Amino acid sequence: MIFVMMRGVNPIKRFLKLATLLAVAILLLGTSAIPPGDRIERVRAYTRDIEFDYIAWTFNALGVKLSQVALQSNSYLPNQQGLEIVLEYIDLIAQIQRGEAQLNNIYADPNVSDPADASADLRSELGELYRRREALSPVAESILQDQISQVVADLGLSAAGQPVPPVLFHSTPLPPALIISPRDVIRQEANISLTPELSLEQRVALEEAVDDGLDVSSLIVGIGGVGLYPTMVMQTSDLNWLSEVVAHEWVHNFLTLRPLGLNYLTSPELRTMNETAASIAGIEIGRALVERFYPQLVPPPAPQPPPADENRTPAEPPPFDFRAEMRETRVTVDQLLVEGEVEEAEAYMELRRAYLWENGYRIRKLNQAYFAFYGAYADQPGGAAGEDPVGEAVRQLRANSPSLAAFLKTISWMSSFEQLQRAVETIHDDSA
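Everything quoted here is computed from the prediction, not taken from an experiment.

*Asks:* Just give me the short version of the overall build of the protein, but keep the residues and values in it.
*Replies:* Tallying secondary structure elements over the protein gives 16 helices and six strands in all. Relative to its 432 residues, the protein shows a buried fraction of 45%.

See below:
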């Protein structure tokens, strides 16, 4: 139970904040529309009836957020109580996830003759947890929004102490994305959001229909967030991950008000610049939030490898390096496609998928669309980006920027990869 002590709120400031939120939401919603083009329309012939309704979701979420701003309920909570509410919310999501996993197991167990009867108590418990989540999540979201806003302001990414746009997110089941790439080159040509209710069988059938009908490479992928306004973020019990994703999606909103974000769909290079910059900044902001407000949840540092010793015989083989293996796969596929060996590249990817599966990485489908989607997130070397120079240039710009704010303010005003290259070359020339 949450008790709130009310106090006076400046009605003019509240009105201005409400008006600002509405204006930004309309602007950012307009940039989220599916881009026009014959190739998109040909894909949509398969998806129109099952596409996610972003407009309805946005106005519903915006209504929730506007009511929170109007009430300003989280403004009346002591700091410690706010922290406790967020931790209670995270624990509640963990309970729901465990309960839903148990429910799925009951219905999947061939030894259970009447799963409805066997799960009656569990479903009742889940119903109560859902009701608690409905009551608690708006307050927990508001508290996290304020905490990220404080971190963003401290990092120098605010105007008059307030992030622009204000930090707003809403946790919800996320729509999977249908990614389309040509078969002869790795390039994302379509990204269409679908209704979350699609079963795995329906997703596989849709991929097969699109592949056969359009001679393309397709893949339906899960996502962690969408840069609408308010941003859409998946529910999770991992506060570190949640903080990073909320920050990542806010950075997309920040960029959308500037040339880099406005040109997100202009070229593959600009998309990679957007996603890599948002990933780098999301990790830094999310980590700063947890360190400041929830230090007990800061993950331990990664174990360091022992120092090299040429005379020492290794006791065991080195651990499997997923990013290195994925980079090798991408580089080889790119080369095969350049040589026109499309079927050979596809056969190679399936062999590599089996190899990755044997080493614990359960990838359902590894194809051109997979690399077209995941290759844009190049905040770390290697991985699905292969030898793509864009991610490396973004990382170099961040490494040579005096602060995260300086990095974002520089890259956000770029509208081409050439501008990024010149910026990195200038840094190298100045340091020589």
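*Asks:* Could you give an account of the confidence of the model for the protein, naming the residues involved and the relevant values?
*Replies:* Across the protein, the average pLDDT comes to 87, with 84% of residues at or above 70. Note that pLDDT drops below 50 for residues 1-16; the model gives that stretch 20 contacts with residues more than four away or on any other chain.

*Asks:* Outline the packing of aromatic side chains, supporting the account with residue identities and numerical values.
*Replies:* Throughout the structure, instances matching the rule amount to ten aromatic pairs. Look at Trp 250 and Phe 254: their rings are 5.5 Å apart centre to centre, the planes differ by 40°, and that puts the pair in the tilted class. Residue Trp 250 and its partner Phe 254 are both found in helix H8 (residues 239-256); the two are separated by four residues, about one turn of the helix. For the pair formed by Trp 250 and Phe 254, the shared burial category is buried. Each member of the aromatic cluster is reached from another via a ring pair, and the members are Tyr 370, Phe 371, Phe 373, Tyr 374 and Tyr 377. Lying over the aromatic face of Phe 254, Arg 258 brings its terminal NZ or CZ to 3.7 Å of the ring centre.

*Asks:* Go over the sheet that holds strand S2 (residues 177-181) with me, naming the residues and quoting the values.
*Replies:* Spatially, S3-S2-S4 is the arrangement adopted by the three strands of the open sheet, whose pairing is antiparallel. The open sheet terminates on both sides in strands that have one partner only, identified here as strand S3 (190-193) and strand S4 (217-221). The average undirected angle you get between the axes of adjacent strands in this sheet is 20°. Taken together, the four bridges between S2 and S3 define a ladder with antiparallel strand orientation. In the strand pairing of S3, Leu 178 is matched with Ile 192.

*Asks:* Before we move on, can you summarise the packing of helix H2 (residues 38-47) against helix H7 (residues 200-214) with the specific residues and values?
*Replies:* A pair of packed helices is captured by two measures, namely the crossing angle of their axes and the spacing between those axes. Two elements in contact, H2 and H7, have axes whose closest approach is 10 Å; the angle formed by their N-to-C orientations is 140°. One way to sum up the angle between H2 and H7 is to call them oblique. Crossing geometry of H2 relative to H7 is assigned as right-handed. Facing H2, whose interface residues are Arg 42, Val 43, Tyr 46 and Thr 47, H7 presents Leu 206, Ala 209, Val 210, Gly 213 and Leu 214. A class-by-class count of the residues in the contact of H2 with H7 yields six nonpolar, two polar and one charged.

*Asks:* Just give me the short version of the pairing of S2, but keep the residues and values in it.
*Replies:* Burial of S2 is extensive: five of the five residues sit out of reach of the surface. Burial of the side chains of S2 extends over both faces: Ala 177, Ile 179 and Ser 181 are buried on one face and Leu 178 and Ile 180 on the other. For S2 and S4, the ladder comprises five bridges, and the chain directions are antiparallel. By the bridge assignment for S4, Leu 178 is matched with Ile 220.

*Asks:* Just give me the short version of the sheet that holds strand S1 (residues 169-171), but keep the residues and values in it.
*Replies:* The pairing of strands in a sheet comes from backbone hydrogen bonds and takes either a parallel or an antiparallel form. Spatially, S1-S6-S5 is the arrangement adopted by the three strands of the open sheet, whose pairing is mixed. Single-partner strands in this sheet number two, and they are S1 and strand S5 (225-226). Relative to strand S6 (residues 231-233), S5 is paired through two bridges, and the arrangement is antiparallel. Pairing of Gly 225 across the sheet is with Val 233, part of S6. Relative to S6, H8 is tilted by about 155°, and along the sheet it contacts S1, S5 and S6.

*Asks:* Pulling in residues and values, what's your account of the side chain of Thr 58?
*Replies:* Along the chain, Thr 58 falls in helix H3 (residues 54-71). Only 2.8 Å separates the side chain of Thr 58 from the backbone oxygen of Tyr 54, close enough to count as a polar contact.

*Asks:* Before we move on, can you summarise the packing of helix H14 (residues 389-399) against helix H15 (residues 404-411) with the specific residues and values?
*Replies:* Relative orientation of the contacting elements H14 and H15 amounts to 135°, with a least axis distance of 9 Å. On the basis of their axis angle, the class for H14 and H15 is oblique. Of the residues in H15, those touching H14 at Val 394, Leu 397 and Arg 398 are Leu 404, Phe 407, Thr 410 and Ile 411. By residue class, the composition of the contact of H14 with H15 is five nonpolar, one polar and one charged.

*Asks:* Would you mind going over the pattern of salt bridges in detail, with residue names and values included?
*Replies:* Summed over all chains, the structure comprises 19 salt bridges. Notably, a salt bridge pairs Arg 330 with Asp 334, separated by 2.9 Å at the nearest N-O pair. Here Asp 334 and Arg 330 lie together in helix H11 (residues 322-338), a separation of four residues that amounts to about one turn. Taking relative accessible area as the criterion, Asp 334 reaches 25% and is therefore assigned partly exposed.

*Asks:* Run through unusual backbone geometry, naming residues and quoting values.
*Replies:* Along the chain, Val 164 connects to Pro 165 via a cis peptide bond; the corresponding omega equals 0°. The residue Pro 165 is located in the loop between helix H6 (120-154) and S1 in this model. Cis rather than trans, the peptide bond between Tyr 229 and Pro 230 has omega equal to 0°. Note on placement: Pro 230 falls in the loop between S5 and S6. For Asp 215, which is not glycine, the phi dihedral falls at a positive 55°. By secondary structure assignment, the location of Asp 215 is in the loop between H7 and S4. Relative accessible area serves as the criterion here: at 49%, Asp 215 is assigned to the partly exposed category.

Rules of the game
Residues numbered from 1 in each chain as written. Predicted model: local features only at pLDDT ≥ 70, side-chain atom pairs only at ≥ 80, totals over all residues. Heavy atoms only, no water. Helix = DSSP H or I, 4+ residues; strand = E, 2+ residues; numbered from the N terminus. Buried < 20%, exposed > 50% of the residue type's maximum accessible area, 1.4 Å probe, protein only. pLDDT = per-residue confidence, 0-100. Contact = heavy atoms within 4.5 Å. Phe/Tyr/Trp six-rings, centres within 6.5 Å; stacked < 30°, edge-to-face > 60°. Lys NZ or Arg CZ within 6 Å of the ring centre and 35° of its normal. Pairing = 2+ DSSP bridges. Axes fitted to C-alpha atoms, helices over the stretch in contact; angles between N-to-C directions. Parallel < 35°, antiparallel > 145°, perpendicular 65-115°, else oblique. Left-handed = near helix turned anticlockwise from the far one by under 90°. Nonpolar A, V, L, I, M, F, W, Y, C, P; charged D, E, K, R; others polar. Polar contact = N/O pair within 3.5 Å; in protein donor to acceptor, adjacent residues only side chain to side chain. Salt bridge = Lys/Arg side-chain N within 4 Å of Asp/Glu carboxyl O.

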